[in-house]
Structure formats: C-alpha cells, structure tokens
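# Understanding the architecture of this molecule
Listed below, chain by chain, are the residues.
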Amino acid sequence: MADNHPNQPETLVETLVRRASLPEGVSRPLVTPLQPSVVYASPSPDVLDAQYSGEVPGYTYAREGHPNADLLALKIDMLEQARGGLITGSGMAAITAVLMSLLKSGDHVIGGNQLYGRSLRLMTRELPRYGIGADLIDPTDAAAIAAAIRPETKLILVEVISNPTLRIADMKAIVALAQGRGILLAVDNTFATPLAYRPLQAGADIVIHSVTKLLAGHSDVTLGYATARQAEHRTAIREFAVTTGLTPSPYECWLAERGLYTFPLRRDRAEANARQLADMLADHPSVARVIYPGRADHPDRARARTLLQGRDGNMLSFEIRGGRAAANQLVKSAPQLVFAPTLGDVGTVVAHPASSSHRALTPEARTALGITEGFFRVSVGIEEVDLLISDFKEALRAV
Ligand SMILES: *Cc1c(COP(=O)(O)O)cnc(C)c1O
C-alpha cells in the first residue's frame, strides 16, 4: 500500500474494497475494542473444522457468539460466582431461552404470581400453545408452591424481590423444595442483583438477569443474561438462543461492559439514597404507606435480613391518598423526577403501576395486590440525597 501513488485511481479502487489492517504495534488499547464483525475469517478448512469441534478457540459468525458478548458474560459470571453465562438481546430473550430450551410439551411450570409482566404473559399465553402448563403462585408462601407441584412439574421460576410490592420470596424453603423434588429452580435476579443474593450459590439451578436494568445502569441498552449450574443446561440454553437468534449486538454489550464497571458503586449510593428517601416518605403526612425491604415495618423484614445480606436495594414503593387525581398531581409537580416504566437508571425514575405495568389487571385484582391508584414505585438513583428528598417533598406538597 505504501508504494501506491495517490494518482493511480485503478489501484486505489482495487485496494479500497479489500479489507486491510494496520501493522500491530507494541502497545494495546486499555478499553475493550468494539468488535462489530459478523464474520470471522479462518486460515484454512482444517482450522475451521477444529474451531467448530471446539479443539481451538475462535469465532465464526456473530449469532453464534462474539468477543463483546463473551467479555460481558465473563464479568457477570464473576458477580454471580457462576460460569458459562450467555448474553442475550434482552432480559426477556434470556427468560425465553431458559424456558423454551428446558421445557417440552406435557411439562408443567410454576411461576411467581408477581413476576415481571412479560414473564407472566410468556407463561400464561405463549407456553400453553406449546403444551406447557403453568400455574402462578405466591412465592412468599412455599407451602402453596409445594401444593401446586404435579408429577409433570419441571421448573419453578421466581424473582427474589417482587415487583412492585417488593415482597421477599421464601427462597430457603423454595430451594429446599426444588432440590427435594428434583425440580429445576430458575431465579430472575434482576431486582436483588448479585450483591444481595447469588441464586446458584444459594442452591438454585439457573440465574437470569435483565442486564438492561441495574447492571448496565444507564438506560441505553437492552440485554439479558442467563446461566445454569449444570453444563448440560447451559448448552441447551445456548443452542436454543443461537438457533432462534436471541443474539445481542456487540455495541450494546460494549456499552453494558462500560456500565458494569461502576455497578457496585452505583448500587451502594442508590441503596443509601433509597434508605433515606424511604424514611422521609414514611414520616410524611401525605404518604399512607412505604414499602422498603430495609425498614422495620416491611412485611418480610426478617426474611430480607437473612436473605439479602443488608443489601436492601434501590427500589421502594409508596402510596399516597387521593387516588388517580392526586397521582397525576404528584407526577406533574415533579418534572425533575423522570416518570417512566423502567428501573435501574443512574437517575431516579418513578413508575405508576396502575396505569402501566398492571393496567391489564382488573381494579379488584390490583387492590388484592395492594396496588391502588395512589401507588408509586421508585427506582432510586445516585443523585445527591438532599436534592432527591427536596424534590419528593416538593411533589408531595402539591398533592
Ligand atoms: C425488565 C425486566 C425483565 C425483562 O428484561 P428486558 O431486558 O426488558 O427484556 C425481566 N425481569 C425483570 C425482573 C425485569 O425488571
């Protein structure tokens, strides 16, 4: 290339379309390179053969795996003290890969009755079309789960902390039950995070994350993670995800890796903020009740204390009096507090389940869960806590 004279257009056209690379220097980049290549060239059919049979490492085609996903998976494996994790294009893709790869027609699955909305829908609307039955049971009641087990029950899927009422599942009893009955236990660990609870260490078989939330932490990627204790299950989950194309984009993996480096710091700060905000709200005359697993008045406080290792999380919920009208007032008078149906962002985000995640339920079903028109869920962020508290006080003054 160095010999090419700029006034030789034919040569220039020819070299332009060919992939070229610069000579490697003696230094290397500090930051993980973003590797968008879909295809990987191998030196010979022999080597490619050896790659496919796993004798030598090397990538072939990005749907089958790529470096940015693998590096991100390795980092989350470290957090979960797990191995062989798979990154998927979303949290729901991870849940789909787990359920669809490990279940077959005729099987029965038990899900927590307050799982993430789309997980509920997957179990009640999609799985039955493939001949897989599902029952939804309150995971704070292990006896109820035991009573729902049938001979064909193959898997139990729970979240440690429910959304949005932040109840704590009876994980010790559920783990014992699953192990005793030979049923796979899958845990969606998105809310708890590995800082509070590590499902595989606690005896579960599968751990799932929506990386979209706290792990990536900046509301700019949609990704999931899943892994299993047993190699056979990891292979089944990966094969299903690769075949059905649940693949993540390298750019999103790269962004998530960047976000993950500050995850423990963000989580510490958000948790400290949540604690203070929960206490302020509990003392406020306009607030009817506050739900935070770190408070003495939480219905599952004793369980939270033994299960979450003092890491009570960045999520809290509270209820104001005055129904929908008061709820509208609160949101309108606090434009600094982002009103959106998500969680885990660096900034505080307020959600209103009755008009969003739980709008499909009848008012009676919502009331049974304690989700009234005045019920809000808060994903507490890493702002200065004084600012946060004054924002909420201002919003409540308007109610
Ligand atoms: C958001 C979420 C999911 C789904 O994750 P996506 O990345 O949005 O697909 C699953 N489980 C929980 C607990 C979640 O909060």
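Report follows, based on the coordinates. None of the values given here were measured: they were computed from a predicted structure. (Residues numbered from 1 in each chain as written. Predicted model: local features only at pLDDT ≥ 70, side-chain atom pairs only at ≥ 80, totals over all residues. Heavy atoms only, no water.)

### Things to note about the site of the ligand
We apply this condition: Definition of nearness: a residue and a molecule or strand are near each other if at least one heavy atom of the residue lies within 4 Å of the molecule or strand. Whenever a nitrogen or oxygen atom comes within 3.5 Å of another N or O atom, the pair is scored as a polar contact, on the condition that within protein one atom can donate a hydrogen and the other can accept it, and that pairs from neighbouring residues in sequence are kept only if both atoms are in side chains. Charged residues are taken to be Asp, Glu, Lys and Arg, nonpolar residues to be Ala, Val, Leu, Ile, Met, Phe, Trp, Tyr, Cys and Pro, and polar residues to be all remaining types, Gly included.
As a matter of local geometry, the ligand sits amid 14 residues, with Gly-91, Met-92, Asp-188, Thr-212 and Lys-213 nearest to it. One nitrogen or oxygen atom from the side chain of Lys-213 is found 2.7 Å from an oxygen atom belonging to the ligand. The residue inventory of the shell around the ligand, partitioned by class, reads 6 nonpolar, 5 polar and 3 charged.

### Some words on the side chain of Ser-101
What counts here: In this text, helices come from DSSP runs of H or I with a minimum length of four residues, and strands from runs of E with a minimum of two, each type numbered from the N-terminal end. Residues are treated as being in contact if the distance between any of their heavy atoms lies within 4.5 Å.
Relative to the assigned elements, Ser-101 resides in helix 4 (residues 91-102). Within the structure, the side chain of Ser-101 is placed 3.3 Å from the backbone oxygen of Val-98, a separation counted as a polar contact. What Ser-101 contacts, discounting residues up to four positions off in sequence, is Thr-96, Ala-236, Ile-237 and Phe-240.

### Section: the environment of Ala-334
Residue position: Ala-334 is located in the loop between helix 13 (323-332) and strand 10 (338-339). With 228 residues separating them along the chain, Ala-334 and Gly-106 place their C-alpha atoms 50 Å apart.

### Description of helix 11 (residues 263-283)
Condition: The length a helix should cover is 1.5 Å for every residue beyond the first. Note on exposure labels: buried denotes an accessible area under 20% of the residue type's maximum, exposed denotes more than 50%, and partly exposed covers the range between, all computed with a 1.4 Å probe on protein chains only.
Taking 1.5 Å per residue, 21 residues should reach 30 Å; helix 11 reaches 30 Å between its end C-alpha atoms and fits that length. Among the residues of helix 11, those classed as buried are Phe-263, Arg-266, Arg-267, Ala-270, Glu-271, Asn-273, Ala-274, Leu-277, Ala-278, Met-280 and Leu-281. Summarising the contacts, the buried residues of helix 11 are in contact with helix 3 (67-80), helix 10 (250-260), strand 8 (287-291), strand 9 (315-320), strand 12 (375-379) and helix 15 (385-397).

### Quick word on the packing of helix 4 against helix 9 (residues 231-244)
Basically, it comes down to this: Only the contacting stretch of a helix is used when fitting its axis, a line to C-alpha atoms as for every element, and angles between N-to-C directions run 0 to 180 degrees. Any angle between 65 and 115 degrees counts as roughly perpendicular, while under 35 counts as roughly parallel, over 145 as roughly antiparallel, and the rest as oblique. Each crossing is labelled by how the near helix is turned from the far one, with a counterclockwise turn of less than a right angle marking it left-handed and a clockwise turn marking it right-handed.
Relative to each other, helix 4 and helix 9 sit at 110°, their axes nearing to 8 Å. In terms of their interaxial angle, helix 4 and helix 9 are classed as roughly perpendicular. Handedness of the crossing formed by helix 4 with helix 9: right-handed. In this structure, helix 4 contributes Thr-96, Ala-97, Val-98, Met-100, Ser-101 and Leu-102 to the contact, and helix 9 contributes His-233, Ala-236, Ile-237, Phe-240 and Ala-241. Class assignment for the residues of the contact of helix 4 with helix 9 results in 8 nonpolar, 3 polar and no charged.

### Thoughts on the sheet that holds strand 5 (residues 184-188)
Either a parallel or an antiparallel arrangement is found when strands of a sheet pair, and the pairing is made through backbone hydrogen bonds. Test applied: By this definition, two strands are paired if DSSP reports at least two bridges between them.
Read from one edge to the other, the open sheet built from 7 strands follows the order 1-7-6-5-4-2-3, with strand pairing classed as mixed. Edge positions in the sheet fall to strand 1 (86-88) and strand 3 (133-137), since each has one partner strand and no second. Within this sheet the neighbouring strands show an average axis-to-axis angle of 20°, counted without direction. Relative to strand 7 (residues 224-228), strand 6 (residues 206-210) runs antiparallel, the two sharing 5 bridges. Residue pairing for strand 7: Ile-206 is matched across the bridge by Ala-228. Of the strands in this sheet, strand 1, strand 5 and strand 7 are in contact with helix 9, which crosses strand 7 at around 145°.

### Let's talk about the packing of aromatic side chains
This is how it is decided: Ring pairs are drawn from Phe, Tyr and Trp, using the six-membered ring of Trp, whenever the two centres fall within 6.5 Å, and their geometry is named by plane angle: stacked under 30 degrees, edge-to-face over 60, tilted for the rest.
Considering all chains together, one arrives at 4 aromatic pairs under this definition. Taking 6.2 Å as the distance between ring centres and 15° as the angle between the ring planes, the aromatic pair formed by Tyr-251 and Trp-254 counts as stacked. Of the two residues, Tyr-251 and Trp-254 are both situated in helix 10; the distance of 3 residues between them amounts to about one turn of the helix. Taking the centre distance of 6.2 Å and the plane angle of 75° together, the rings of Phe-318 and Phe-392 count as edge-to-face. Highlighted residues: Phe-318 in strand 9 and Phe-392 in helix 15, separated in sequence by 74 residues.

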